[in-house]
2 protein chains.
Amino acid sequence: MDQPVIPSKVDVGALTEVLDGRWGELRKSVRAQMTDSTFREAHDLDTEAHRIQVLEQLRELAKTDRPRLGFEREYGGGGDIGGSVTSFEMLGFGDLSLMVKAGVQWGLFGGAVQLLGTARHHERYLRPIMDLDLPGCFAMTEHGHGSDVQHLRTTATYDPATREFVIDSPDKDAHKEYIGNAARDGKLAVVFAQLVTGGESRGVHAFLVPIRADDDGPVPGVSIEDCGRKAGLNGVDNGRLGFAGVRVPREALLNRYGDVTEDGTYTSPIESDGRRFFTMLGTLIRGRVSVAGSAGNATKRALAIAVRYGEQRRQFFRPGNEEEVVLLDYRAHQRKLMPALAATYALHFAQEELVGALHDIQGADDVDEQRQRELESRAAGIKAVSTWHATRAIQMAREACGGAGYLAENLLPALKADTDVFTTFEGDNTVLLQLVAKGLLTSYKDHFEDLSTLATARFVAEQFVGAVIERTAARQVIERLVDASHDDEDVLFDRGWHVKLFEDREEHVLDGVARRLRRAASEDPFEVFNDAQDHVLRAGRVHVERIVLEAFVAGIDRCPDPDAKALLDHLCDLYVLSTVEADRAWFLEHGRLTAARSKAVVAAVNDLCTQLRPHARTLVDAFAIPEQFLDAAFLSRA
Amino acid sequence: MDQPVIPSKVDVGALTEVLDGRWGELRKSVRAQMTDSTFREAHDLDTEAHRIQVLEQLRELAKTDRPRLGFEREYGGGGDIGGSVTSFEMLGFGDLSLMVKAGVQWGLFGGAVQLLGTARHHERYLRPIMDLDLPGCFAMTEHGHGSDVQHLRTTATYDPATREFVIDSPDKDAHKEYIGNAARDGKLAVVFAQLVTGGESRGVHAFLVPIRADDDGPVPGVSIEDCGRKAGLNGVDNGRLGFAGVRVPREALLNRYGDVTEDGTYTSPIESDGRRFFTMLGTLIRGRVSVAGSAGNATKRALAIAVRYGEQRRQFFRPGNEEEVVLLDYRAHQRKLMPALAATYALHFAQEELVGALHDIQGADDVDEQRQRELESRAAGIKAVSTWHATRAIQMAREACGGAGYLAENLLPALKADTDVFTTFEGDNTVLLQLVAKGLLTSYKDHFEDLSTLATARFVAEQFVGAVIERTAARQVIERLVDASHDDEDVLFDRGWHVKLFEDREEHVLDGVARRLRRAASEDPFEVFNDAQDHVLRAGRVHVERIVLEAFVAGIDRCPDPDAKALLDHLCDLYVLSTVEADRAWFLEHGRLTAARSKAVVAAVNDLCTQLRPHARTLVDAFAIPEQFLDAAFLSRA
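Notes on the structure follow. (Residues numbered from 1 in each chain as written. Chains lettered and ligands numbered in written order. Predicted model: local features only at pLDDT ≥ 70, side-chain atom pairs only at ≥ 80, totals over all residues. Heavy atoms only, no water.)

All right, on to the overall build of chain A then. Helices and strands together make up the secondary structure of chain A, namely 22 helices and 13 strands. At 25 Å, chain A has a C-alpha radius of gyration in line with the 26 Å of a compact globule built from 638 residues. If you line up chain A on its principal axes, its C-alpha atoms span 90 × 60 × 40 Å. Residues counted as buried form 66% of the 638 residues belonging to chain A. Restricting to contacts in chain A with at least 6 residues of sequence separation, those with at least 24 account for 74%. Total accessible area computed for chain A in this model is approximately 22000 Å², and 49% of it derives from carbon and sulfur atoms. (Helix = DSSP H or I, 4+ residues; strand = E, 2+ residues; numbered from the N terminus. Rg over C-alpha atoms; globule rule 2.2 N^0.38 Å. Buried < 20%, exposed > 50% of the residue type's maximum accessible area, 1.4 Å probe, protein only. Contact = heavy atoms within 4.5 Å. Areas by Shrake-Rupley, 256 points an atom, 1.4 Å probe, with all protein chains shown as cover.)

In structure tokens form, the structure reads like this:
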């Protein structure tokens, strides 16, 4: 099948239009505000000055409607979940400290009050939270428990005599750790703790606990410690919180999923402690989705800087030429940037689709549990893959800019340092990919965040009958492509073949994992799981790669501009073939590629780099990143 | 062939002894000094305070004999090149700003005076340089020319009327860039410039140019700009230098390789400008070697911190157990750290051997040009592979420590940020690997740093008859192993098979590159080279992997302790098999591995991770890193 030719010039605006998608107007309004100098980045400020600057920027944001978007209309919100997440994501173009601080205030803290609380909390707190009159914290992680939050050790013991909960940290290991907004600005915290009443523990619940008094000192019984300097994100005041007999009224319990009556009787619409907790966690995925999107936008920015530099910087003469060669004309340089650019586009479309699904599912009147769990799985998978991609691609962009990329004035150091923690916060990526695999193995029947080995083993042993590939996006488009594909000599650029290749890989890997895990029902389940852990992680990853491809295909299908479409088609080829190239050992080992075709894949990636190279600038310009965030000194100096 | 069993307990001291090698006593003395609190790290200082602290530490170093080691005895030096490089490397355990600043002063600046100058320079300058009474700079890189320094554009024009050279930067693009010691402390700079006399340019030469007057202000005609904040290494005062008609006496020319008589006549023992320049560059490889070694030591430190954390941190319960599982018991965690640890050991032995070769070759009375070029090639290759490994492994270590790894108090952020530039300074890694390949293709007959496409093409077309694998280290040991190996079913742990596999891959890749490049003699050489660039880089990399393996084998052979030897043997298996695993697509494509054996390689890597896991702490303790550099808050807090 011949590839269509890429037109020599593709309209940047047409590409931006497709990328911006469903919340395009909102994206434009964020860009417009971010061009203001208030939103400048800080690479020369000390910690305190940086924190102050970010707080000021946060106040500017609070003057717009966007922080309100995710809340219900009856409390002054916008009732637009997708718009809310999109607006957080867009902050990823600028100082990521602002994105994180906004995410803490309105996403995590405000979101917990909204989603875990009830009317009494909404009425009292949502407006001051939206207005930033009440800065707050989301205090879940403890020093000793990050990934396994179900076993965190802070307690909230009900005292029927005073109708209060008493919040306690049994030791330093149970202190809340890395809590954003805690070291400097937060007044109130949503504290996750084991609820104890009548001498019995009822699992993790969330409580509203004041941490700072009006004089800005800590409330009696609360200890606050500053986490100090971090690798990046130093505009966010992360801190540690400890509690010694801190009393809060009974009403401080965010009681949507569980409540305690005045006499201490525990009630809940969900019987199992575990199931209740994972339901609570499930409502809180917006933060994870926002991080994935912000990581994507930070990656776009790094690539835009590196592409501009690569088109400007010259080094070494070409025989017979007067002028030196620009870096981006070198194959090795294209190899660094072009596949990363293709993956960034692919992940963008996957992210856009994810946000749309989040909006539709969480905005629906009735909760569809199955769809909710699928959504949680996709959020986890895309977050893991996007943030690892960000770390790698931004590192590559830095190296592609040589020594200049190491100077703060050229913006890449902050991008690198700030995004680094994304791979391990809002869910450690390694844990998240395992959850994705578990979801696939249990057909989402089990609760999402629960990684308990035994239950999964039992489920796989009893119920797993073979991997089922559920096509996520644009089902019809995909089916048409698959039906039209022929496995002849020239399939490398056949989208139907691509899709089939990815589907087949996922199915095979998943069936293999299931076969291995079945043994866990009879042997030591931990050993069986542990032995298969790299296989499990691979299952998660190949699944994500498949849904990302489908989202890319769907995005291209939506594109009304034929030139832009042709360009995206080639970029999608590069995404697919560079993904296959990276994993071609597996395809060879499993007889999916012959040696000759495997070598042809490598050659095709090289060809695509050359073909797409003239469009590199168009592709990064289409991200429409506000110019002040591309104002690297080495670009303006030239 | 059965693997010998690893003894349950291996003596840390015995391992340290093998690692410390030829300059063991010196390593001990550096460790002893570095335990002093003067050498504490700075993660909370602003730029100026950090620079002051590093300068103070540099003065402490100057009180010892070590900075003198690399200089000739007649000027108060120690005449010990290998010891000198080893002492720089060892600074890699501490604040890397100190390592870089020491490297600039005594390695680059002092080294240039020593190696490019003659007695008149040595007599006048070497003592104050060693004593740090004369802090100086090495001003080669320009804003517009970093990798291609042959074409830098600063000029030094001889004026016979005054017997002076006039130093000029034609424009901002020709300003010296990223120059260490320039922004704050340097008084004198070795400036690389195109020497012009009698209206004719004679290529790049080095000149001693004062940049700062006694009042610390810039010398008239010199402009000094501060590069400002960088991603890391902020204890080093990097700056930009511009020159406008700065006059220096004729004797300021470092005239070992070229001189100008009073009347302006140019003389040189080397006729070709290019050949002369690359000979000059070749003498200066100690800096590159020191960076490779420091990167290795920084990597060891990151892995030591991550292994300690991985043995302490628990997360998730194992069914039926009271206590949670330590991270390092998870396969996925072992996969992150153990292969990286094996590669770190392998690169350590390669580095140790490289330093020994440098000592012997550069310390010999007669220069063996062929051996010198081979040395330059190995230095380039090991620097590229070591620094890329450092970037990846330190990133992995950070992620393996989760959110805690993101806090400055836990030391990993500085390690990450400081080492990041190593991949692109002292030679950009991508350029260096191409040089390695070029050296192999031309059997080192051509000058090393010269990347001119046409000359290489002509050489390959006319003279390349097939790759010749020259075994570098412990030739006899390797031959014995190869002779003893049998290609039966059970070769995975057969060292002879390992060596043959790596040799065969190198030969095949190199022959393939040569075949492609031959076309350059008849077609457009740039296009041919550019098309083959990824192939060329691969040739460089597989060559380095082979010589690293040989060095590891030689190191094990030297080990007198049988238990330590058995442990190292397993670690070497892991190095080999994880290297093969990463490149198994190539082995499959070229019929070197069957699908079944390829899968067996993956399984063997997993098994080795499990077997070596109980020895992880021993392996990192053997690095004997001074405790103050492992004093991460999260380790002492537990």
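A word on the packing of aromatic side chains. All names here are of chain A. If you walk through the whole model with that rule in mind, you get 22 aromatic pairs over all chains. Consider the rings of Phe165 and Phe207, whose centres lie 4.9 Å apart with planes at 65°: the pair is edge-to-face. Of this pair, Phe165 sits in strand β3 (residues 164-168) while Phe207 is found in strand β6 (residues 200-210), placing the two residues 42 residues apart along the sequence. Each of the two residues, Phe165 as well as Phe207, counts as buried. In textbook terms, an aromatic cluster arises when at least three aromatic residues are bridged by ring pairs, as seen for Tyr158, Phe165 and Phe207. The lysine or arginine in question, Arg505, covers the ring of Phe502, its NZ or CZ lying 5.0 Å from the ring centre. (Phe/Tyr/Trp six-rings, centres within 6.5 Å; stacked < 30°, edge-to-face > 60°. Lys NZ or Arg CZ within 6 Å of the ring centre and 35° of its normal.)

Right, let's talk about helix α3 (residues 47-62) of chain A for a bit. All names here are of chain A. The first and last C-alpha atoms of α3 sit 22 Å apart over 16 residues, in line with the 22 Å expected at 1.5 Å per residue. Every buried residue of α3 is accounted for by His50, Arg51, Gln53, Val54, Leu55, Gln57, Leu58, Leu61 and Ala62. The N-cap of α3, judged by a side-chain oxygen 3.2 Å from the amide nitrogen of Glu48 a few residues on, is Asp46. (Expected span 1.5 Å × (residues − 1). Polar contact = N/O pair within 3.5 Å; in protein donor to acceptor, adjacent residues only side chain to side chain.)

In the superposition of chain A on chain B (RMSD 0.0 Å, axial shift 0.0 Å), the rotation amounts to 180°. Look at the turn and shift together and you get a two-fold axis relating the two. The C-alpha atom lying nearest the rotation axis in chain A is that of Ala585(A); the distance is 2.0 Å. A shared binding surface is used by both copies, with 99% of the interface residues of chain A retained as interface residues in chain B. (Least-squares fit on C-alpha atoms with pLDDT ≥ 70 in both.)

Here we take up the interface of chain A and chain B. Contacts between the two partners involve 81 residues from chain A, matched on the other side by 80 residues from chain B. Between chain A and chain B the total buried area reaches about 6600 Å² when both faces are included, carbon and sulfur atoms providing 52% of it. Scanning the region where chain A abuts chain B turns up 16 salt bridges. Between Asp531(A) and Arg331(B) there is a salt bridge, and its shortest N-O distance comes to 3.1 Å. Across the contact surface, chain A and chain B share 60 residue pairs in polar contact (both at pLDDT 80 or more). A class-by-class count of the residues in the side of chain A that touches chain B yields 29 nonpolar, 22 polar and 30 charged. (Buried area = accessible area lost by both parts, 1.4 Å probe. Salt bridge = Lys/Arg side-chain N within 4 Å of Asp/Glu carboxyl O. Nonpolar A, V, L, I, M, F, W, Y, C, P; charged D, E, K, R; others polar.)

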